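Summary of the model geometry
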Amino acid sequence: MKSHILPAMQALILLLCVAMPVMAGVNPSAVLVHPLDLQDIGAPVFTNFSPRDGLPDTVTVAIRTDRDGFVWAASPAGVFRYDGRHWVGSDDPAMAHWVDSLWVDRQGTLWAAFRSDGLARYDGTRWHVENRRTGLPSQQVRRFAETVDGSGASTLWALTWDRGLMVRRGGRWQADPDNADLPPDSILSMAQTGNLDGRRRQWVGTGTSGLWYRDEGTHGWHKWQNPLLDTAQVEYLLDTTRHGREALWLSVFGVGLCRLDADGLHCLTRKNDGLPTLEIYDIAATPLPDGDAALWVSSRAGLIRVHDGHVQVFDRRHGLPSNAVRGLNAWRSPGGNEVIWLATESGVSRTVLGASAWSTASLLGSGSIGVFGVLMEPDGHGGERLWVGASDDGIGLFEDGHWRQFTAAHGDLPAPSVSMLAVTTGADGARTRWAGLRGGELLRIGDGPVFQRQPTPWPKSNGEAVLDTLARADAGHQEQWFALRQSGIYRLRDGQWKAFSADGVRGQWRVVKLLEQTTGDGRSWLWATTNEGLARFDGTRWTLLGHAAGLPDTNLIGLNLIRDAAGHPVLWLGTSSAGITRVDVRDPQHPVVLPDTLPRAPDPTAYSALADSTGRIYICTNNGVQQLTPTAAGYREQVFTRRDGMLNDECNTDSQLIDSQDRFWTGTLSGLVVYDPHREVSDTQPKPLRITSLQVDGQSMPGPAVHLPAGAKTVKVGFALLSWYREGESRFRTQLLGFDAKPSPWTAEDSRTFSTLPPGSYSLRVEARDHAGNASDAIMVPITVDAQWWQLLSVRIAAVLGLLVLGYGVALLRTRTLRAQRRALERRVDERTAELHAANARLLELSYHDALTGLANRRRLLEQLEQPGNAHAPTTSTALIFVDVDYFKDYNDRFGHPAGDEALRGVAATLLRCAPDDALVARYGGEEFACLLPGTDTAQAMRLAARICVDMAEREIPVPGTDQIERVTLSAGVASAPLASVDDAYRLLREADKALYRAKLDGRNRVRGPDGATTDDRLTSA
C-alpha cells in the first residue's frame, strides 16, 4: 500500500473540514421537526389516452364525468365517451361538430356547447340538439354555468361568443334581459359569489373587456374596474372558500392567475411567482387532508398546482402526453378519490389523487441517467430540506416550498454530475455535508449553500468518482474514509492521506459503499462492497471475501446492516447479478453467507436494501422496488414498478433513503421518486357496472331488455366497469341463464355475442371485479328470441313427415354431390394453405430485418441470444460488440435526416464488410448497432471492433442533395462470455452496454472492453 501525503497546509484544511462541520451538532430527536410535505413536492401519476384508445386524432378541449360515471371528452370532431376501457365517438350525425365545452348540471344532465352549431343535451340514452331552427337565440356557445339563488333554486346559463348570456327557463333557452348592459364581446366565463363584498353576486369574464358583475335581485351589469383587467381576456372563474374567507379566482389569458377577495386583487405571474406561462385556461379545486384545498389550472405549459402561494408545474417530463392542457375537470369518485381529468392537445390524461403511494419528487437527471444522491435533514426552522444530486444536472435543494438548483454551468460546481451526497458526524456530534462528483472531485457543502472544493490525493479522470464516505473515531483519532470508483479506498487521519488496497485486487478497484460495525466488545470493523467482493478492515489491513467465502457474486453494490428477528447483525449486500446476498457478521472474523430464502428479487441487479422502523425492507433493483414485509414464515413481497406510479423501473446506486416518517426515497434513471406507506390505501369499494351497448344484427337497440324478432341472427351485449384506475385489470364473466350450464371464465372481454339462439326467453347475467378484486353488483339483461314460422311445432311435425318421404332419394343425390364438393374443397384448402405458408414466411423474414439498413433488427438479435439451440457449448465464448455513432444527433441537426440515414447505411455496410461470415450484425435501435460473434473471445472481438471503428472513420459519406462528403466515428463496447442460459445472454448485453458507456465517457471514437480494457486510447485512420 502506498501513502499519499499532501502539503501540510492542505491536509490541515481538510482535517478542519472534518472536525469543524458547517452545521451545529444538534441531536435531531431533541428538536421537533415537521416532516417534508409531499403535497408541496410530489408530482401526480398520470394515465394517458390517445387515438390508440379510440380518441380522435385532434386536440381535446374539455372533459366532464356524467352522473353514471362515464367520462366525456370534447374535441373539434365531436364528443367521445370513455366506458372504462374504450373511447367511443357519438354515432349521431347531429353531434359531428366542434364542441367547445361540456357541463353536468345539478340534475345530472350532460350538456355540450357547439362552437357554431348550437348546443346539445344528453338524457342518458341519446343527444337532443338545439339550434336556431329550434328557437335558440345564438348558435355560438362557449360554455355553461350554473347559479343558485337565496332559496336554493338553480339556474342554468349558456355563455355565447356573439349574443351575451342565454338562460334556461321552463325547458327553453332565452336571451338574458340584461344582455344590453354587457359589452358587445364574447362571454367566456361565469361564476357566483355568496358574500364577497357582503352580497350574492354574479360575475362574467369577457374576451377583451375584462370582468363584469351584477348583484342578485338587481338588473344591469357593471364593469369591475381594475387596470390589470380592463382589456383582459378572462378565460375562467372559480369561487372558493378557505377558512371562512371567500375568493373568486380568475384565469386571465396573458396576465396570470388572479385572486379577488376582501383584500382586493392579487395575481400570480411568471416573474414574481414562477407561473410557467400566462396562457392559462380552466381552474378546479380539490380538498386536502387538513381541510384546505389545492388549486389546479390548465395551461399551455402543463398542469399547474397552486397551494399556499406555491406553484408546481407538471408537464411531459412528468408523464403528460402534451404540455398544452386545454381543459380540466376535478371529480370525486364514489369511493372518495379525487380524480382529475385533463383534456390536452395530444389526447386525454388522468390522475387519481391519493390512489398511488408513489409520487415524483424531482426530475433532476432525467435528461441524462438520473439521480445518484439524496439527503434529508432538518432545515433549522422546524422543517426539513431535501438535497438531490443528479447526473449532468448538479445539485437540487428543496427548502421552504421551493427548489434551487446548483450546476457547473452557473459556476456553482466544478463538474456537472454528482455521484454521492452524504453527511458525516464528527466526534463532537457536529455534522458535515459532502458531495462527490464524477471526475473525482470532492466538495464540502456549507450553509448558504457554499460548495467548497477539497484537496484530495487520488488521480482525477473522467471515470473517477467519489461514491461514499465514512467518518469514525479510532484509538483516539478522528479519521475519514472515502470509497472511489477507480482508485479503491483512501483514509485521512491526523492530516495524512493513505491509499488502501487488498490482496487479490486485479486492476481497478471499485469501492461502492462503506459501513462501520461495532461489536459487543467495542471493537470497530469496517466493511466495503467492491467489484472484487466483500472487503473487511480489521484495523490494519483490508481483506477480500469472495466466492471462496460463499458469495454467489463478487461484483457488489449496496451495503446495509439490518438485524434479524433475534437481533443478530446481518449485512445485506446488493449485487450485479445475484439479487440480495445476506451475510451473518456476529463474528466479523468468520462471516457466514446465509441461505437464499428471500423472495426472488424482480431483477438480478439489486442496489440496496433498507429497513424502516416497522421492519419492512425495500430492495431497489433494475426492474422496480421490492418491498418485503416480515411475517411468521419469513417475508411477504410486493413489487412496485411504473404501473404503480414509479417514474422509472431502474434504480441508481447510492440514492436511497428512508426518512423519519418511514417514507422510502430512491433515485432512478428518470429522477427521484418517493413511496409513502401511510398513503397505501386498500381499495374495497365496488365499482359501477354498466351496460354500454345492445345490438341486434349490428344495429343498436334501446334497453334495458333485448328483443330479437323472427329472422334476427346475432345479439351483442357490451358492458363496462367504471373503475377510473388500473381499468386494464378489470375482469368480467357472463352466463346466459337458460342456455349456459355455468358461468364463463373471468376474462378481460367486455362484450358477449350470441348467434342463432333458439326461440325462447333468457337472461344474461354479467359480473365484474376490479384490479383489487372488488366484485360489483351483477346486471341482468333479459333477452327474448321470437320463433320463425317454420320453427312452430305444427310446421315442424309436417316437415318431418315430408322429409321422411323424400329422405331416401335426396340422401343418395346429396351423398354423391357432397363427395364431389369435398374433393374440390380439399384442393382449394391445400392451395390456400400453401399460399398462407409462403406469406407467413415472407412476413417472418420482414419482421427480423431493419428497413433502413437491411441488417437484422433488435428482435432478431435478442431471439438469437435467447435460443439455447443457437448458443455454443457452455465452455465456448461468445462475444458481443455494441457500436454507437458519435454525435449522431449533431450530425442529423447539421445535415438533415436524409444525411443521417445515409450515415447509418454506411455504418451497416462497414459492419457487414468487417464482420466474419458467422457473425450476426443487427441494428439495435437509433444509432446503435450490435455484432454477435459466436466462438470469439474478448481479445478477438476487441481487435475486430477496432478495425470496424478505423474503417468507418475512413469511409466517405455523401450528403444527399449536395456535393459534400462527411465522415463519422464510432464508439464501441465489447464483452464476451459463455452462453449457457438466457441470464448469461442478458448479462452479456449489459456488460457490452457498460463497456460502450465507458468508451463514450472516455471521449468517444474508442473501444472499451470489460472493466475498461482498451485498445488504442483514440482510434485514427492509417
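The sections below set out a description of the structure shown in this document. Here the structure is a predicted model, which means the values were calculated and not measured.

Below, the discussion takes up the sheet that holds strand S28 (residues 338–344). Pairing is antiparallel across the open sheet formed by four strands, whose spatial order is S2-S29-S28-S27. The sheet is open, and its two edges are formed by strand S2 (47–49) and strand S27 (325–332), each paired on a single side. Averaged over neighbouring strand pairs, the angle between their axes works out to 20° when direction is ignored. Of the pairings in the sheet, the one linking S28 to strand S29 (residues 347–353) comprises seven bridges and is antiparallel in character. What sits directly across from Ile-340, in S29, is Thr-351.

Another aspect to go through is the side chain of Asp-292. In this structure, Asp-292 sits in the loop between strand S23 (280–287) and strand S24 (293–299). A distance of 3.0 Å separates the side chain of Asp-292 from the side chain of Arg-242, its partner in a polar contact. In this structure the side chain of Asp-292 is engaged in a polar contact, spanning 3.2 Å, whose partner is the side chain of His-307. If we skip the residues at most four places from it in the chain, Asp-292 touches Arg-242, Thr-286, Pro-287, His-307 and Asp-308.

Spatial strand order, S66-S68-S69-S67-S72-S73: six strands in an open sheet with mixed pairing. Since the sheet does not close on itself, it has two edges, and those belong to strand S66 (856–857) and strand S73 (1007–1008), each with one partner. Direction of pairing for strand S68 (residues 920–925) relative to strand S69 (residues 928–933): antiparallel, over a ladder of five bridges. Of the residues in S69, the one forming a bridge with Val-921 is Cys-931. Running at roughly 10° to S69, helix H6 (residues 897–914) makes contact with strand S67 (877–885), S68, S69 and strand S72 (970–978) of the sheet. With respect to the sheet, helix H8 (residues 982–1001) is in contact with S67, S68, S69, S72 and S73, its orientation differing from that of S72 by roughly 150°.

The subject of this paragraph is the pattern of salt bridges. Per the stated rule, a full pass over the model turns up 58 salt bridges. Its salt-bridge partner being Glu-441, residue Arg-453 comes within 2.5 Å of it at the nearest N-O pair. Placement of the pair is Arg-453 in strand S38 (residues 450–454) and Glu-441 in the loop between strand S36 (431–437) and strand S37 (442–446), with a sequence separation of twelve residues. Among the residues examined, Glu-441 registers a relative accessible area of 12% and is labelled buried. Between Arg-493 and Asp-474 there is a salt bridge, and its shortest N-O distance comes to 3.5 Å. Of this pair, Arg-493 sits in strand S41 (residues 488–493) while Asp-474 sits in strand S39 (residues 466–474), placing them 19 residues apart in sequence.

This part is about the nonpolar core. Nonpolar side chains in soluble globular proteins generally cluster together in the buried interior. The biggest cluster of nonpolar side chains holds 35 residues, and the ones touching the most others in it are Ile-881, Val-885, Tyr-891, Phe-929, Leu-933 and Leu-970. Going through the elements one at a time, S67, helix H5 (888–895), H6, S69, helix H7 (938–954) and S72 are the ones with two or more residues in this core.

Calculation criteria
Residues numbered from 1 in each chain as written. Predicted model: local features only at pLDDT ≥ 70, side-chain atom pairs only at ≥ 80, totals over all residues. Heavy atoms only, no water. Pairing = 2+ DSSP bridges. Helix = DSSP H or I, 4+ residues; strand = E, 2+ residues; numbered from the N terminus. Axes fitted to C-alpha atoms, helices over the stretch in contact; angles between N-to-C directions. Polar contact = N/O pair within 3.5 Å; in protein donor to acceptor, adjacent residues only side chain to side chain. Contact = heavy atoms within 4.5 Å. Salt bridge = Lys/Arg side-chain N within 4 Å of Asp/Glu carboxyl O. Buried < 20%, exposed > 50% of the residue type's maximum accessible area, 1.4 Å probe, protein only. Core = buried A, V, L, I, M, F, W, Y, C linked by side-chain atoms within 4.5 Å.

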